[in-house]
Amino acid sequence: MKRLLLVFGVTVLMAGCGSSVKLDGVPVEDKAGTTVSQQGADGSGSAVGKGGVTSVDIGKSAQQAAIPAGPRIVYFDYDSFVIKPEFQSILEDQARFIKADKGRRVAIEGHTDERGGREYNLALGQKRAEAVRSALGLLGVVDSQMEAVSFGKEKPAVQGTDESAMSRNRRAEISYR
């Protein structure tokens, strides 16, 4: 009896997951407004990209491509949120880029190595993010364009317990939104 109910339940579940919508031969409309039919190698109309080129909306892609290619990471010493002088040029470049477009938004993500408790690392990561935010503010970036957030030790850049790996995890990353 249990098997019969199990088979019946699985059958009802599978029937509920089915779809009667036909996906073969669905016309695709490109940005120019013309309709393009998808024709597969077997004539069924299911393959896409058989040598045709369509236009691409690069509005958001162009903005992402315009992000400076240089470094966007500031590294910190152990148990510190003091920005070292060697990272001043990175902050100046990023500030110049952010100020160029008043609509540009940036998140500054603070990170720590794995040593210490969760709450302590979240607080330290926040202090690192706020230190970078403050430095960018002193360089003329409007406060409303920046957001400081801490990930603590939750998102390590490098796995490992040696000093080299931990030093790469003590950082603040500038991320464009």
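Residues numbered from 1 in each chain as written. Predicted model: local features only at pLDDT ≥ 70, side-chain atom pairs only at ≥ 80, totals over all residues. Heavy atoms only, no water.

Colleague: I would appreciate a short explanation of the packing of aromatic side chains in the present structure.
Modeller: Each aromatic ring pair is summarised here by two numbers: the centre-to-centre distance and the angle between the ring planes. Summed over the entire model, instances satisfying the criterion amount to two aromatic pairs. On the basis of an interplanar angle of 55° and a centroid distance of 6.1 Å, the ring pair of Tyr75 and Phe87 is categorised as tilted. On the criterion of sequence distance, the pair formed by Tyr75 in strand 3 (residues 73-75) and Phe87 in the loop between strand 3 and helix 3 (88-99) is long-range, its members being 12 residues apart. Residue Phe87 is classed as buried on the basis of its relative accessible area of 9%. With a centroid separation of 5.2 Å and 90° between ring planes, the pair formed by Phe97 and Tyr176 is classed as edge-to-face. (Phe/Tyr/Trp six-rings, centres within 6.5 Å; stacked < 30°, edge-to-face > 60°. Helix = DSSP H or I, 4+ residues; strand = E, 2+ residues; numbered from the N terminus. Buried < 20%, exposed > 50% of the residue type's maximum accessible area, 1.4 Å probe, protein only.)

Colleague: Looking at this structure, how should I read the environment of Phe97?
Modeller: Secondary-structure assignment places Phe97 in helix 3. For Phe97, a relative accessible area of 15% corresponds to the buried category.

Colleague: For this particular structure, what's the right way to read the side chain of Asp113?
Modeller: Along the chain, Asp113 turns up in the loop between strand 4 (106-111) and helix 4 (118-138). Only 2.9 Å separates the side chain of Asp113 from the side chain of Arg115, close enough to count as a polar contact. Here Arg170 takes part through its side chain, which lies 3.2 Å from a polar atom of the side chain of Asp113. In this structure Asp113 touches Tyr78, Asn121, Lys153, Met166, Asn169 and Arg170, once residues within four positions along its chain are discounted. (Polar contact = N/O pair within 3.5 Å; in protein donor to acceptor, adjacent residues only side chain to side chain. Contact = heavy atoms within 4.5 Å.)

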